[in-house]
Amino acid sequence: MRRTPASLVAGTLVAALAWASSPVSPATAADPSPGVADLTQDLNQILSDSRLDIGRAGVVVKSANTGEELYSTDAGKLMTPASNAKLFTSAAAAEVLGLDYRFTTSALAAGRTIGSVLKGDLVLRGTGDPTMLAADYDALAAAVAAKGVKIVTGKLVADDTWFDTVRLGQDWAWDDETAYYAAQISALTASPDRDYDAGSVVVSVAADGDKVKVSTTPETDYLKIVNNATVGASTDVLIERQHATNTVVITGTVAGPYDEWVAVDNPTRYAASLFRKALTAHGVKVLGPTVSGAAAEGASELAKHESMPLSELLVPFMKLSNNMHAEILTKAMGRKVSNQGTWPAGLKATSDFAKANGVQILNLRDGSGLSRRDGVTATSITQLLLSVRGKPWFKTWYDALPIAGNADRLTGGTLRSRMRGTPAANNVHAKTGSLTSVTSLSGYVTSAEGEPLVFAILLNQYLSGSPKDIEDKIAVRLAKFSRTTPDTTAQLRTDDTPAAQEGGDLECSWLKPVQC
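Residues numbered from 1 in each chain as written. Predicted model: local features only at pLDDT ≥ 70, side-chain atom pairs only at ≥ 80, totals over all residues. Heavy atoms only, no water.

**Student:** Which parts of the structure should I look at to understand the side chain of glutamate 177?
**Tutor:** Mapped onto the elements, glutamate 177 comes out in the loop between β6 (156-159) and β7 (200-208). Engagement of the side chain of glutamate 177 in a polar contact is seen with the side chain of arginine 241, the distance being 3.1 Å. Residues contacting glutamate 177, with those up to four places away along its chain left out, are Leu168, Ala182, Gln184, Arg241, His243, Ala244, Ala263 and Asp265. (Helix = DSSP H or I, 4+ residues; strand = E, 2+ residues; numbered from the N terminus. Polar contact = N/O pair within 3.5 Å; in protein donor to acceptor, adjacent residues only side chain to side chain. Contact = heavy atoms within 4.5 Å.)

Written as structure tokens, this is what we have:
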């Protein structure tokens, strides 16, 4: 069980009390206080950065208690949100699926069992669990063996029909097809570790004398490895899966250990290969081939594995900005609401939830924000942030957001190295977002006077230099906000900005093995 650091408890007690309040009340008239005027002047100055001269900035700040708009610029302009889209997906999933929702992966007998022989097919049926590890498939195989099954006369059927067969978002960049953060979506999949990057394998290289040694996590022969790398004075290696194949080509030089996360082609077949290997290890022999298809009517359950509940999955999903979780949950919502595990059905569920909760403009093409055709406004985000405060699941969802400056990886998440040593640290709970020429930061902050605020920052179409430090300056300024006392130290110190972070325009959690 993960313990909450004492510093986090002390640093967020006031904020937690503030955010435990009721939903927003109707907005009141504009506050004439000098503090608001001072805030406006400072935010205008921060946004006058030359990197935004030809770019676009949509920014909204509101009081969470009253709905009063404290600052706004281009609030109604449609912007690319990147991973800020996950705010809508995760909130909708909490509402539609419920925090107790679990994914189930089952082993079914499609035939008669006579003694130790299953005369028929063995079916592996999934519902999209992104947390399935090789060890979980091993446990499932062990449970089948424990039922006394030793021989399966028929086939191993991989049943992924809970979702449709569309594996990739229709707007995703084609050159991301092999990237683990854009892995194929399937109702049967597997992750290499407890970051739960579904549909990927870790390929590792290391110098072994005068040769380069290659290994995978988990151990699998599903990938074909072509090792053209050589031992060198430094590590400058490229590990890349060839498009539409499972051939991974390794080139360059290797001096020390290096890992690369690689998406597989056809995660259904990959998951089935892990299960078949585990069955063999536990003495269960399947005579027929592995095929894809639906379980026969009347197939009986031999064993099943249930995932962690959604309340726990929200942590790796939101803290590490996991794209695959967003897309799997989108299809899971579609399956529950419309009995269709598709993107259109799931996105409709998200949109319907958002509109029912006051969001006026929302155009989502996927659940993660990978699509550049996703469009939201800064106002839409603040409408969502305000409306969900009254939900019974709000605290769990709020705690799952990345927390600025908190060094614990599964607490600070994608904000763990940002805003350290500022009033925003252990205060700002917000979702990051990053694509080339797109960055976003939206969430909650408690002011210097204990007033809860919501904010949305969407920066698009800048050409050079990631402006994440602009987001941080705004968030820190909001943490210092006072209605009565002007702030004279609005600018961040140079060492408080993320300008030197590795990754530039991508989420730091997407740049494995770099950890944000």
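**Student:** Any chance you could explain the pattern of salt bridges here in plain terms?
**Tutor:** Pairs can form between side chains of opposite charge whenever their charged atoms are close. Scanning all chains against the criterion turns up 21 salt bridges. Of the charged contacts in the structure, one is a salt bridge between arginine 477 and aspartate 38, with a shortest N-O distance of 2.7 Å. Of the two residues, arginine 477 sits in helix α12 (residues 468-479) while aspartate 38 sits in helix α2 (residues 34-46), which places them 439 residues apart along the sequence. Comparing arginine 477 with aspartate 38 shows no difference in burial state: the two are buried. A salt bridge links arginine 477 to aspartate 42; its shortest N-O distance comes to 2.7 Å. Taken as a pair, arginine 477 in helix α12 and aspartate 42 in helix α2 lie far apart in primary sequence, 435 residues in all. Residue arginine 477 is classed as buried on the basis of its relative accessible area, which comes to 1%. Bridged by salt links that share partners, the residues Asp49, Arg51, Asp469 and Lys473 form one connected network. (Salt bridge = Lys/Arg side-chain N within 4 Å of Asp/Glu carboxyl O. Buried < 20%, exposed > 50% of the residue type's maximum accessible area, 1.4 Å probe, protein only.)

**Student:** Just to check I follow, could you spell out the confidence of the model for the protein chain for this structure?
**Tutor:** Caution applies to low-pLDDT regions: their predicted coordinates should not be interpreted in detail. Summary statistics for the protein chain give a mean pLDDT of 91 and a share of 88% for residues scoring 70 or more. Throughout residues 20-31 the model reports pLDDT below 50, and contacts reaching past four residues in sequence, or to other chains, amount to 25 contacts. Residue range residues 490-503 is modelled with pLDDT below 50. Its contacts to residues more than four positions away, or to other chains, number 29 contacts. (pLDDT = per-residue confidence, 0-100.)

**Student:** Where do I start with helix α7 (residues 323-338) in this structure?
**Tutor:** Note: α-helices contain 3.6 residues per turn, so residues at a spacing of three or four share the same orientation. Taking 1.5 Å of rise per residue, 16 residues should cover 22 Å, and α7 covers 23 Å from first to last C-alpha, within 8% of that figure. For α7, the tally of buried residues reaches 13 of 16 residues, placing the bulk of the element in the interior. A side-chain oxygen of the first residue of α7 lies 3.0 Å from the backbone nitrogen of methionine 324; this N-cap is asparagine 322. Immediately beyond the C-terminal end of α7, within one or two residues, lies asparagine 339, with a positive phi of roughly 60 degrees. (Expected span 1.5 Å × (residues − 1).)

**Student:** Whenever I open this one, helix α4 (residues 134-146) confuses me. Can you help?
**Tutor:** Here α4 contains 13 residues, and its C-alpha end-to-end distance of 18 Å stays within 8% of the 18 Å for a straight helix at 1.5 Å per residue. For α4, every residue scored as buried is listed here: Asp136, Tyr137, Leu140, Ala141, Val144 and Ala145. Next to the buried residues of α4 lie β3 (104-114), β4 (117-125), α5 (267-281) and β16 (300-306). The positive-phi residue at the C-terminal boundary of α4 is glycine 148, with phi of around 95 degrees.

**Student:** How should the packing of helix α3 (residues 85-96) against helix α9 (residues 378-387) be read in this particular structure?
**Tutor:** Between two packed helices, what matters for the description is the angle formed by their axes and the separation of those axes. One can describe the packing of α3 onto α9 by two numbers: an axis separation of 10 Å at closest approach and a directional angle of 30 degrees. Between α3 and α9, the angle is such that the two are roughly parallel. For the crossing formed where α3 meets α9, the hand is left-handed. In this structure, α3 uses Leu87, Phe88 and Ala91 to contact α9, whose residues at the interface are Ser380, Ile381, Leu384 and Leu385. Its residues assigned to classes, the contact of α3 with α9 shows six nonpolar, one polar and no charged. (Axes fitted to C-alpha atoms, helices over the stretch in contact; angles between N-to-C directions. Parallel < 35°, antiparallel > 145°, perpendicular 65-115°, else oblique. Left-handed = near helix turned anticlockwise from the far one by under 90°. Nonpolar A, V, L, I, M, F, W, Y, C, P; charged D, E, K, R; others polar.)

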